[in-house]
Amino acid sequence: MKNLFEKWKTRIPKYSETHKDLFTSLSQKFGAEGEKKINLGKHFSTNYELYTYAFFLGLYNNEFTPIPDGAKKTDFSHHIQHWGSKTTISTRKDFTNLQENIFIALVAKTDINLIDLEKGEVEEDEAVKLILKTMESYTNGGLILIKEKLEENPNYFLQPTSFLNMILETKKV
């Protein structure tokens, strides 16, 4: 399982281009910490923070919504292993535990026969591909929930606890 985690970390998950406007309005490509983030009116310092939030929002609400085949996908060119990197930002927390928890949730939610994987009857690359598809599907579901909330009330995210509230209001599944 260690190899699977190491391989998964080297990937860059994608999202549907239909959500590109959410990333533009809620987070900052290449990062914006502290006052810079506030001055830019962003809620998330980086795109992968919004991606992570959307993943958990989708997971907690059981919003597994695969990106349709043929739909244009995009990414923010940042490998999972570098999320939370502290090389340039001293105030950023290490995301290692978060990455491990995301991976555990993904393995639990992905239909992979772990015995076949262990026997070599399922290739690790195929398993990583399935895990990434699960990640993208829950993230897509979370992004749809965020988009619906914005359509319902464009000022919803002006409240300081709005993103926390969305997680706390998670449907009981």
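See above for the structure.
Below is a short write-up of the structure. The model shown is predicted, which means the values in this text are computed figures rather than measured ones.

Within the structure shown, the criterion is met by 20 aromatic pairs. Summarising the aromatic geometry, the rings of F44 and F163 are spaced 4.9 Å apart at their centres and angled 75 degrees between planes, so their arrangement reads as edge-to-face. Of this pair, F44 sits in the loop between α3 (34-39) and α4 (47-60) while F163 sits in helix α8 (residues 162-168), placing them 119 residues apart in sequence. The lysine or arginine in question, K149, covers the ring of Y156, its NZ or CZ lying 4.7 Å from the ring centre.

Take the nonpolar core next. W8, F55, W83, I131, M135, I146 and M166 are the most contacted members of the largest nonpolar core, which totals 41 residues. Secondary structure elements with two or more residues in this core: α1 (2-9), α2 (20-26), α4, α5 (96-109), α7 (124-152) and α8. Sequence-distant contacts of I146, that is, excluding residues within four places in its chain, are made with L22, L26, L50, Y53, A54, L57, F157 and M166.

Of note, D111 is situated in the loop between α5 and α6 (114-119). Of the residues examined, D111 reaches a relative accessible area of 75% and is grouped as exposed.

In this model α5 runs 20 Å from its N-terminal to its C-terminal C-alpha over 14 residues, within 8% of the 20 Å that 1.5 Å per residue would give. Of all the positions in α5, only Q99, I102, F103, A105, L106 and V107 are classed as buried.

Orientation of α5 relative to α7, taken along the N-to-C sense of each, is 100 degrees, at an axis distance of 9 Å. Comparing their axes, α7 and α5 come out roughly perpendicular. Within the contact between the two elements, α5 uses I102, F103, L106, V107 and K109 and α7 uses I131, T134, M135 and Y138. Along the lines of polarity and charge, the residues of the contact of α5 with α7 split into seven nonpolar, one polar and one charged.

Look at N62: it is not a glycine, yet its phi comes out positive at around 55 degrees. Summarising the element assignment, N62 is placed in the loop between α4 and β2 (73-74). A relative accessible area of 39% means that N62 is categorised as partly exposed. Not every positive phi belongs to a glycine, and S77 is a case in point at roughly 50 degrees. Mapped onto the elements of the fold, S77 is located in the loop between β2 and α5. Look at S77 and you get exposed, because its relative accessible area is 56%.

Cut-offs applied
Residues numbered from 1 in each chain as written. Predicted model: local features only at pLDDT ≥ 70, side-chain atom pairs only at ≥ 80, totals over all residues. Heavy atoms only, no water. Phe/Tyr/Trp six-rings, centres within 6.5 Å; stacked < 30°, edge-to-face > 60°. Helix = DSSP H or I, 4+ residues; strand = E, 2+ residues; numbered from the N terminus. Lys NZ or Arg CZ within 6 Å of the ring centre and 35° of its normal. Core = buried A, V, L, I, M, F, W, Y, C linked by side-chain atoms within 4.5 Å. Buried < 20%, exposed > 50% of the residue type's maximum accessible area, 1.4 Å probe, protein only. Contact = heavy atoms within 4.5 Å. Expected span 1.5 Å × (residues − 1). Axes fitted to C-alpha atoms, helices over the stretch in contact; angles between N-to-C directions. Parallel < 35°, antiparallel > 145°, perpendicular 65-115°, else oblique. Nonpolar A, V, L, I, M, F, W, Y, C, P; charged D, E, K, R; others polar.

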